[in-house]
Each structure stands twice: as C-alpha cells, then as structure tokens.
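Structure assessment
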Amino acid sequence: MTARDLWQAFSQADRDPDALALGDLTRRTAVDRVTELARRLRAQGVRPAQPVGLQGPNRPEWVLGLLALIAAGACPLLLPADSPPAETHRLLRTAGARRTLVVDPDGAHWAVLTGESEGADRGLAAGETGSEAPAHAPGTLLLASSGSTGTPKVVARSPRSVLDEGVRYHRAGLARPDDRVLLPLPLSHAYALGWLAGALVAGAHVDPVPPRAVGAVHARLRERATVLVTVPGLARVLARRRALADDAPFPALRRVMAGAGYVDAELDALWTRTLGVGVSRNFGSSETGAVLWGEPGLPSGAVGHPMPGVRVDLLDPEGRPLPGSGAAQGELAVVLEDGSTHRLHDLADRDEHGVHRILGRARLGVVRRGARWVSTMEVESVLRTAPGVADLSVTATGPDDSDDQGLTVEYVPADPELAAPRRLQAYARAELAAYKVPDSFQPRYRLRRSAVGKAQAAPVYRLAAARPDTPAEQVLAAALAELGLPPLLAGGAAAADLARTAGLRADVLSPVLDTACALGLLATDSDTAGPPDAGVYPPDVVLAGRALAARVRGDAVDEGQRPPAAPAGPPPPDARLRAAVAGLLAEAAVDGTPLEIGDGGVPRSADAEYGACVVVGGVHGPAARLGPLAALLKPKGLLVVADTFVSDPLTLTDETSRTTVVRWLVDGHLHWWTAQELRAGLDAVGLRVEEIRAAEQAPYTILTARKTS
C-alpha cells in the first residue's frame, strides 16, 4: 500500500469517479467535498498535528469530516456521539484539543468548527499542538477507548497503523472492491474504524447508518448490501426482526461480521436459520486494530486465525511465548506489520487447528479450584439464555493475583419472580460446571453499556455546580437532601458505596443518581463543586422528594401524600391514541376480545389465554411484570403497548423527557424507560417485537410483539 493515509487511499483510488463510494455520494463528489472542507479548515487556523475533535451522527458526512481533518494534517479525536458533555470535555482535555468539528448533515453548514485554537494568532510549526498533550505526527487518529474498565482513555493510532489494518481486511477477502459495506456502528469506535479503513483501502462502497437504525439496515440489505458489520447485541435484534426474516434470503449479502463482543454458537445458528448467512467473528484492540477473524460455524467464543500480516502469540505467566502452533492456553500478544509487539491482556486458548477462543480479560480471568480458567464471557453467554433475563454482566471479584477469585452476576430481570436470584442460581448450577457457577446474583434495573454493548464500570458521582431551577430538578435535589447525600457526594462516591454507607437500596439509588447527572445536578467528571445552598422548595416538591427518598430507603410510600403535579408527568392517553390501537388490532384480525391492562398490572382473575393484550400507559412498572403478561397470550398472540419512552435515560436533552423520568422515579416506575429496553425484556419472556413506531399522538410510541409458538 503506497498511500500515506486514509485520505490519500480514498482520493487516489483507481476507481470509477462517478460510482457510489460513500452513502449516496459518488467518489468524485466525496473527493470534492473533502477538498473544500480541508481548505476551509486550514483557513480557520487548523494546523498540522493539531488535535481536533470530531463529533456527529453515523452518516456519510462524518466520514467526509474525518478525511478532511486528515487532509488538513490535523489529528482527529474521534468523539463518541453518545458521550455526555462532561465526558466529551474530559476527552478533549486529555488529547489537548481545543476545537471540535461538529458534523450536522441536516444543518445549513454541514460541518462547523467550534472552539478556539490556542495557536491561531501566532501560528504553530508542524508537530506543535499548543498544549501539554503529547505531540503526534500529522494525520494520527486519536480514539476514545473504554479499555476493559469502561473508563474512557485516548489511544493514538498512526496513519500507517490504520492503513495496515485496512490492508488486513482487504488481503483476507473481507473487504473487496465490488463490496457494499454496511456500517450500523458508532464510527468513533476502533472496530468500526478498522472496517472503514478496510473498505476505503479496497475501494468498496461504504454505507454508514445510525447504530440503532434497524429499518435503515433492512432497506440497505434489500438494496443489495454485500457485507454487514455489526456487534453481537445488534446482530440478535436484526436476526429477530420480522421484516428482515420475511425478506430473506438477501441474494447479495455474503458476509455478516460481528465483533467487539462475545459471539456464541446460538447467534450463529440464529442467523443461519433465519437469514441464510452465518456470523463471522472479529477480534482486536484499540491499539492494534483487528488481529483475529473466523468464518461462521466456529464454537462459542472462538474468533479464528490471525489476520494477514500479523503474528499472534500466546504467553506463559512469565510473559514468554509458548512454543509451537498447536493447542495451548495463555495471554494474547501480537506482532504487527511494523514489528511492534503488543500484549493485549486477554486470555485465550488455541486448539490443534490454530483456532483461538477468547476466555476474557487477563485481570478478569478467574483462577478457581484446581487452577482452572473460567471465562466470564462464557458464563455470560450461558446465563443470558436463562428465562426472564433481559441483560446480564459477569465480573470477577477479589484481588487480581488471587488463586480463588469470585464471580458476581449483575442482571436485569424481565420479571422479578421469573428471574429471581434463586432461580438464576439454579439455572447456573444446571448449565455450568460447579467451579463456573457465580457466587452472587444481583438484580439491577439497568446496566450501563457503551454504544457497542461493552459493560461499563460504575461511575463515581460528584456534586455539580448547577442550581435546581425546574420542578424536576428541585424534586431530585430535595430527595438527595432528604437522604443526606450531598456531604457524601462532595468528594465523589459510587452508588454501591453510597448505598452501603447510608443504608439505601443500590438498585433504586442508581437510576436516581443517573437522572441527577442527566439533569446537571451531579457529574461524573473529575471536576468538583461545593455543596449547594439549602433549597427552599414548594410543599408539593418537598413531598415528591420525600416519596422518592422513601423508595430509595426501601420504606413504604404514603400514597396519600404524593403530590399530583410535581413534576407533571406525561399526558394521559386520549381517544385518538386508543383509536390508533384499535385500528392496529383490526388490521391484525385478532381472534377474540383483547384484554386491556392498565396501571394496575395484570388482573388477578385474568388466567385465560387471549389472542391479544393491550397495555396503554402502564408498561413501566412496578406493576408491569412481563412474565404474567406473556403468560396471558396464546401462542402467536399479539401484545400492543402504547406508552411514553425516552431515547436515552443518561442524556435527557428536552424538558419533557426530564419531567417524565422524574415523575417515573417518584411513582416507582423503574423499568423499561426506553423502547429498546422493553424490547429486551419482552424477548426474555418469549415475546418477539415486530414493530416500534412513533404514534401521531406525541409523546407516545406504539410497540407490537407476538408470542413465539
């Protein structure tokens, strides 16, 4: 590969300039737009080797922005689109970046440079950044990596390193010149960047779409996409999407690649059975890019052989490469094209055919009972199939150098009885060897995950400088004060530590703290603020705060004192919404009279099997137990849910969402705040979601699901 960087590889490719190259853009149009933006960036003071943030949605314009920054000689810092402002600011500081290229495809100017350049007035020589951050070569890509802990850090990838990874994909035949590569992944993630490099090096057509745009994925597959790049969680959603399965097979689709997560044989079989294409596997790190890949049909956890151009070793406990290429077990290390060696801190075993299987992070691999390795990812994969488990994470406990570490399971139950800890433990004992059975099973309302599904470390919460002005903010502030938490939060504390110190329910405290962060009352950044002034709030706000505090303590809530409008919740369902639901049921030709379920949950007398059930405005719980709801339906029976949801409980951007979430907290509604969370919960009790669509009656969403036969 003679190109110097990704921009040169794209702009000088010997391909038809009028053929589609990036989304709906031809290669000629894309090159012209990148050239113009790079010229504008230089005119605005962007200098060689200067770190500049890049943030925006998964659209072709994001790729244009990346190539323009490289063409201008800058060092793009790839900022996750879903990062809260505090995390974005921390990443910018770490990288020494003072400016950000914000991509807004729908704006008047689709890419806008924000912030101030420290060296704009005096000029900077090549290699100077004007900050204390380490200097990098022009075109170096700076990636925000979660590592193994979920704590973001910045990883530098040289232009040559990124090109080398692209060449691996091309040489392996994963990205070909005639491919249409579909990327419904966060483009800021190292896994997506590697595939983007592979497609650009190969001269393939690249089609980036938003990570959760299932409908767009369906449309592109019908338009003859050849390669779908995904992660295991999204792959499961896609394979169960009724429209995709009904339209399968897709004649042009030749490969589905799932990386950045554990791929089990069940997922492979699901894709093969429903869409006719098995799941390939990918494995690597932010520092090295992809280094292993495998064809469909491999065992659970297996990721195959080394990619072209890299050597993969297994190290013994002293860090020495194990001899030979046969069966072995140890820590992964790779030697890249430039001769550099990287220890990946992942444990793996290799079979006699040279196929590698990932066991887990070296510091999370558990040595228990006879020095046997236990893969946390294997345990996760098995326990995810337990009845009623909507989400799950397994972590090791105890000192890293212990020969007898423990295992803890945190999971989201679709129903507190169906997936009670004792039942999940019994399932683990039936499905796993005794030394693999976890020691602790902790139900949670939500697990924090990155955009590609990686479990994230529990954050440390601190007081922020914001004053509670709106009723929603005041209710949360009053609840935190009632619980006596401000002094404990002044220095920073995790939810579990606060719960132990103050004797509170950690599972209820966590969403309260997350919501306080989303409203600006708390922060997870390193900056601290002093305790806020004691607030004097209206009586209804005080009562709402006390009700919420009682739930966090686990005390009974005096329902008679709960205020009617502090803050106001979502509007009640109206006749138009009910008419829309009735019309949907009429189209589905439901057998018999549907059962309507309200805020009170499933009626005790409702023990028959119904052809359809309707839940209007009452899905969020605590009465909405999904297990009994699924039991009411006949096989292939229809469930219709019409309720309010928020797009992301950790980034509440509009006032309606803010007041809605706080209202849910006060009322004890702690489950299924997003439609995707509800999808996972319904799937866990045997209800397959067929459609999620916004209702004309804002802010409602209508979701339909069918019971599996």
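All of these numbers come straight from a predicted model, not from anything done at the bench.

Below, the discussion takes up the overall build of the protein chain. Looking only at helices and strands, the protein chain has 21 helices and 32 strands in total. Surface exposure of the protein chain reaches about 29100 Å², of which carbon and sulfur atoms provide 50%.

For the peptide bond that leads from Ala 248 to Pro 249, omega is 0 degrees, which places it in the cis range. Phi is positive for Ala 260, close to 60 degrees, though the residue is something other than glycine. Considering the arrangement of structural elements, one finds Ala 260 in the loop between β12 (255-258) and α10 (265-275). Taking relative accessible area as the criterion, Ala 260 reaches 23% and is therefore assigned partly exposed. Even without being glycine, Trp 672 reaches a positive phi, approximately 60 degrees. By secondary structure assignment, the location of Trp 672 is in the loop between α20 (655-667) and α21 (675-684).

Inspection of every chain in the model, using the stated rule, returns 2 aromatic pairs. Look at Tyr 169 and Trp 195: their rings are 4.6 Å apart centre to centre, the planes differ by 45 degrees, and that puts the pair in the tilted class. Here Trp 195 lies in helix α6 (residues 190-202) and Tyr 169 lies in helix α5 (residues 159-171), a separation of 26 residues in the sequence. For the pair formed by Tyr 169 and Trp 195, the shared burial category is buried. The ring of Trp 673 carries the charged tip of Arg 446 above its face, separated from the ring centre by 4.7 Å.

This part covers the sheet that holds strand β7 (residues 141-145). Spatial ordering of the open sheet is given by β6-β5-β3-β4-β7-β8, a layout of 6 strands whose pairing is mixed. Because the sheet does not close on itself, it has two edges, and the strands there are β6 (111-115) and β8 (153-157). Put simply, the sheet's adjacent strands are angled 30 degrees from each other on average, direction ignored. Looking at chain direction, strand β3 (residues 51-55) and strand β4 (residues 75-78) are connected through 4 bridges and run parallel. Bridging across to β4, Leu 54 finds its partner in Leu 78.

All right, on to the pattern of salt bridges then. The final tally for this structure, using the stated rule, is 36 salt bridges. Ionic pairing is found between Glu 473 and Arg 658, a salt bridge with its closest N-O pair at 3.4 Å. Highlighted residues: Glu 473 in helix α13 (residues 471-482) and Arg 658 in helix α20, separated in sequence by 185 residues. Each member of the pair, Glu 473 as well as Arg 658, is classed as buried. Across the pair Arg 505 and Asp 507 runs a salt bridge, and its minimum N-O distance is 3.2 Å. When salt bridges with common partners are traced through the structure, they connect Asp 316, Glu 318 and Arg 320 into a single cluster.

The next thing to look at is the pairing of strand β30 (residues 633-644). Counted residue by residue, β30 has 9 buried out of 12 residues, so it is predominantly covered. By the bridge criterion, 6 bridges tie strand β29 (residues 610-616) to β30 in an arrangement that is parallel. By the bridge assignment, Tyr 610 is partnered in β30 with Leu 633.

This paragraph deals with the sheet that holds strand β26 (residues 493-494). Read across the sheet, 3 strands follow the order β26-β25-β27 without closing on themselves; strand pairing throughout is antiparallel. In this open sheet, the two strands that pair with only one neighbour each are β26 and β27 (522-523).

Further remarks concern the environment of Asp 32. You can see Asp 32 is positioned in helix α2 (residues 27-43). Under the relative-accessibility criterion, Asp 32 is labelled partly exposed at 47%. For the pair formed by Asp 32 and Leu 64, sequence separation is 32 residues and the distance between their alpha carbons is 10.0 Å.

Moving on, we come to helix α3 (residues 60-71). With 12 residues, α3 ought to run about 16 Å at 1.5 Å a step, and its terminal C-alpha atoms sit 17 Å apart, in line with that. Judged by how many residues are buried, α3 sits mostly within the fold: 12 of 12 residues are covered. Taken as a whole, α3 has its buried residues at Pro 60, Glu 61, Trp 62, Val 63, Leu 64, Gly 65, Leu 66, Leu 67, Ala 68, Leu 69, Ile 70 and Ala 71. Looking one or two places after α3, you find Gly 73, whose phi comes out positive at around 85 degrees.

Let us now look at the nonpolar core. With 103 residues, the main nonpolar core has Leu 41, Leu 66, Leu 183, Trp 195, Trp 271 and Leu 332 as its most contacted residues. With 11 residues, the top contributor of residues to this core is α6.

With that settled, the discussion passes to the environment of Ser 657. Secondary-structure assignment places Ser 657 in helix α20. For the pair formed by Ser 657 and Phe 645, sequence separation is 12 residues and the distance between their alpha carbons is 8.2 Å. Leave out the neighbours within four places in its chain, and Ser 657 touches Val 646 and Leu 652.

This part covers the pairing of strand β9 (residues 180-183). It is a general feature of regular strands that their side chains alternate between the two faces of the sheet. Here 4 bridges tie β9 to strand β10 (residues 205-208), and the two strands are oriented parallel to one another. Among the inter-strand pairings, Arg 180 is bridged to a residue of β10, identified as His 205. The parallel pair β9 and β10, bridged by α6, forms a crossover whose chirality is right-handed. Here 2 bridges tie β9 to strand β11 (residues 227-230), and the two strands are oriented parallel to one another. Its bridge partner being in β11, Val 181 is matched across the sheet by Val 227.

For the rest of this paragraph, the subject is the side chain of Arg 679. With respect to the element layout, Arg 679 can be found in helix α21. An unpaired buried charge is present at Arg 679: no salt bridge exists, and Asp 683, the closest side chain of opposite charge, is 7.6 Å distant. Beyond its immediate chain neighbours, meaning those up to four positions away, Arg 679 contacts Val 237, Arg 241, Val 689 and Ile 692.

On to the environment of Val 102. For Val 102, the position within the fold is in strand β5 (residues 99-103). Given the relative accessible area of 33%, Val 102 is considered partly exposed. Excluding residues within four positions of it along the chain, Val 102 makes contact with Gln 55, Trp 110, Ala 111, Val 112 and Thr 114.

It is worth spelling out helix α18 (residues 575-588) at this point. Over its 14 residues, α18 runs 20 Å from end to end, which matches the ideal 20 Å to within 8%, given 1.5 Å per residue. Within the sequence span of α18, burial applies to Leu 577, Val 581, Leu 584 and Leu 585. The buried residues of α18 all sit within an arc of 100 degrees when viewed along its axis, so they share a single face. The exposed set on the far side of α18, more than 90 degrees from its buried face, consists of Ala 575, Arg 576, Ala 586 and Glu 587. Where α18 terminates, the next one or two residues include Ala 589, which has phi positive at roughly 50 degrees.

Counting through the fold element by element, Thr 140 comes out in the loop between β6 and β7. A polar atom in the side chain of Thr 140 sits 2.7 Å from the backbone oxygen of Ala 137. Those residues in contact with Thr 140 that sit more than four places away from it in its chain are Ala 74, Cys 75, Pro 76, Ala 156, Arg 157, Ser 158 and Pro 159.

Rules of the game
- Residues numbered from 1 in each chain as written.
- Predicted model: local features only at pLDDT ≥ 70, side-chain atom pairs only at ≥ 80, totals over all residues.
- Heavy atoms only, no water.
- Helix = DSSP H or I, 4+ residues; strand = E, 2+ residues; numbered from the N terminus.
- Areas by Shrake-Rupley, 256 points an atom, 1.4 Å probe, with all protein chains shown as cover.
- Buried < 20%, exposed > 50% of the residue type's maximum accessible area, 1.4 Å probe, protein only.
- Phe/Tyr/Trp six-rings, centres within 6.5 Å; stacked < 30°, edge-to-face > 60°.
- Lys NZ or Arg CZ within 6 Å of the ring centre and 35° of its normal.
- Pairing = 2+ DSSP bridges.
- Axes fitted to C-alpha atoms, helices over the stretch in contact; angles between N-to-C directions.
- Salt bridge = Lys/Arg side-chain N within 4 Å of Asp/Glu carboxyl O.
- Expected span 1.5 Å × (residues − 1).
- Core = buried A, V, L, I, M, F, W, Y, C linked by side-chain atoms within 4.5 Å.
- Contact = heavy atoms within 4.5 Å.
- Right-handed = clockwise from strand over helix to strand, strands pointing away.
- Lys, Arg positive; Asp, Glu negative; His and termini not counted.
- Arc of directions from axis to C-beta.
- Polar contact = N/O pair within 3.5 Å; in protein donor to acceptor, adjacent residues only side chain to side chain.

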